[in-house]
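Listed below, chain by chain, are the residues.
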Amino acid sequence: MAFFTTSDGVRINYTDRAGGGVAVLLSGFSGIQAEWSYQIPGLEARDYRVVTMDWRSHGQSERTTKNLRVSRLAADLHELFELLKIDEITLVGHSMGGSIIWSYLSLFGQEKLKQLVIVDESPKLLNEGNWTAGIRNLTWSTFGTVSKTFIKQRLTAVPVAPEFKELLKEDKVKNPFDFDLAYPLMKNHLLEDWRQNLADCTLKTLFVAGGASPLCRIGYYHEFENLLNQGSSLKVIQNAGHLPHLEIPEEFNRVFFEFID
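Since we're looking at a predicted model, the values are computed, not measured.

Caption draft 1: Region of interest: unusual backbone geometry. Positive phi outside glycine occurs at serine 30, with the angle close to 75 degrees. Relative to the helices and strands, serine 30 is located in the loop between strand E3 (21-26) and helix H1 (40-45). According to the relative accessible area criterion, serine 30 is partly exposed, its value standing at 21%. The phi dihedral of aspartate 47 is positive, around 65 degrees, even though this residue is not glycine. Summarising the element assignment, aspartate 47 is placed in the loop between H1 and strand E4 (48-53).

Caption draft 2: Quick look at empty space enclosed by the protein. Tallying each qualifying case throughout the model produces 3 cavities of 30 Å³ or more. Within this model, the largest cavity holds a volume of roughly 110 Å³. Surrounding the largest cavity, 17 residues form its lining, Ser95, Glu121, Ile135, Leu215 and His242 being those nearest its centre. The class makeup of the residues in the lining of the largest cavity is 10 nonpolar, 5 polar and 2 charged.

Caption draft 3: The arrangement of the pattern of salt bridges in detail. This model, assessed by the stated rule, comprises 13 salt bridges. Across the salt bridge formed by arginine 46 and aspartate 261, the nearest N and O atoms sit 3.2 Å from each other. In this pair, arginine 46 sits in the loop between H1 and E4 while aspartate 261 sits in the segment after helix H9 (249-260), placing the two residues 215 residues apart along the sequence. Given a relative accessible area of 36%, arginine 46 falls into the partly exposed group. Classification of aspartate 261 by relative accessible area gives exposed; the value is 62%. A single network of salt bridges, built from pairs that share partners, joins Asp8, Arg56, Arg72, Asp76 and Glu79.

Caption draft 4: Structural detail: the nonpolar core. In this structure, Val24, Leu77, Phe81, Leu91, Leu113 and Phe207 are the most contacted members of the largest nonpolar core, which totals 68 residues. In terms of residue count, the dominant contributor to this core is helix H2 (residues 70-84) (7 residues). Discounting chain neighbours no more than four positions away, the residues touching phenylalanine 81 are Val24, Ile86, Ile89, Leu91, Tyr104, Lys112 and Leu113.

Caption draft 5: Structural view of the packing of aromatic side chains. By the definition in use, this model includes 13 aromatic pairs. For the pair phenylalanine 4 and tyrosine 14, a centre-to-centre distance of 5.9 Å together with 65 degrees between the ring planes defines the contact as edge-to-face. On the criterion of sequence distance, the pair formed by phenylalanine 4 in strand E1 (residues 2-5) and tyrosine 14 in strand E2 (residues 11-16) is long-range, its members being 10 residues apart. Between the aromatic rings of phenylalanine 179 and tyrosine 183, the centroid separation amounts to 5.8 Å while the plane-to-plane angle is 40 degrees, which identifies the pairing as tilted.

Caption draft 6: Fine view of helix H3 (residues 96-108). Between the first and last C-alpha of H3 there are 18 Å, a value that for 13 residues agrees with the 18 Å anticipated at 1.5 Å per step. Taken across its 13 residues, H3 has 10 buried, putting it largely inside the fold. Here H3 has its buried residues at Met96, Gly97, Gly98, Ser99, Ile100, Ile101, Trp102, Ser103, Tyr104 and Leu105. Looking at the packing, one finds that the buried side of H3 touches E3, H2, strand E5 (89-94), strand E6 (113-119), helix H6 (179-191) and helix H7 (195-200). Phi for glycine 109, located one or two positions after H3, is positive at around 75 degrees.

The rules behind these values
Residues numbered from 1 in each chain as written. Predicted model: local features only at pLDDT ≥ 70, side-chain atom pairs only at ≥ 80, totals over all residues. Heavy atoms only, no water. Helix = DSSP H or I, 4+ residues; strand = E, 2+ residues; numbered from the N terminus. Buried < 20%, exposed > 50% of the residue type's maximum accessible area, 1.4 Å probe, protein only. 1 Å grid on protein atoms, 1.4 Å probe; cavity = no way out; pocket = protein on both sides within 12 Å on 5 of 7 lines; lining within 4 Å. Points joined across faces, edges and corners; volume = space filled by probe spheres on them. Nonpolar A, V, L, I, M, F, W, Y, C, P; charged D, E, K, R; others polar. Salt bridge = Lys/Arg side-chain N within 4 Å of Asp/Glu carboxyl O. Core = buried A, V, L, I, M, F, W, Y, C linked by side-chain atoms within 4.5 Å. Contact = heavy atoms within 4.5 Å. Phe/Tyr/Trp six-rings, centres within 6.5 Å; stacked < 30°, edge-to-face > 60°. Expected span 1.5 Å × (residues − 1).

Taken by themselves, the reported measurements are silent on function.
This is the structure:
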């Protein structure tokens, strides 16, 4: 576990585990590095150099109101890549972590990346016009209310194992998340549209959806499935909610490791 300071002066916490091929695991809004604890051992067993990080104002990183937007978090990620001198990266993003991957592609391209895994994230979270794959009930007319409340609902469909839930609780008690502080990031996140970036991506991509995710309508991923390139695949973990890698880790890991192997 270590820290680096970004170009705009924010201390970011990260962990770099020794190995060969590189896998970088990105959590979502309010998420922490420990959420990948079910995947890290399998990656290390495959001789991956596993890197995780806490976003600004998340986990053990510095609390700040500075530059709380998805594009800045993508820049933080890029600066970490530069610091560690890594490339040929298997880049994995859950929820907002997926949007940060699309933002990274828009700013820095694909040069350092090998393949992508996106977990339960729509490329456009605001429902408008014919687009209905966003957050349930999130429209321009409801934005002020839904943007502040949807994340506070239960996000899982299958209970997380009690011992793992306790591990996450201990971490979050030590480093409490301040929703009000980070709300500008949430607003920015909800208003982005990454559909063109998804369509333009030529990297092999695995999209994993929770079949019972409470955030979006059932089958939301079919609305943008045609944007995935021919080398990509969509897998649905039917009984899982928004955190399939935590709720049903055995099934998630089977799909995940089949893809990266």
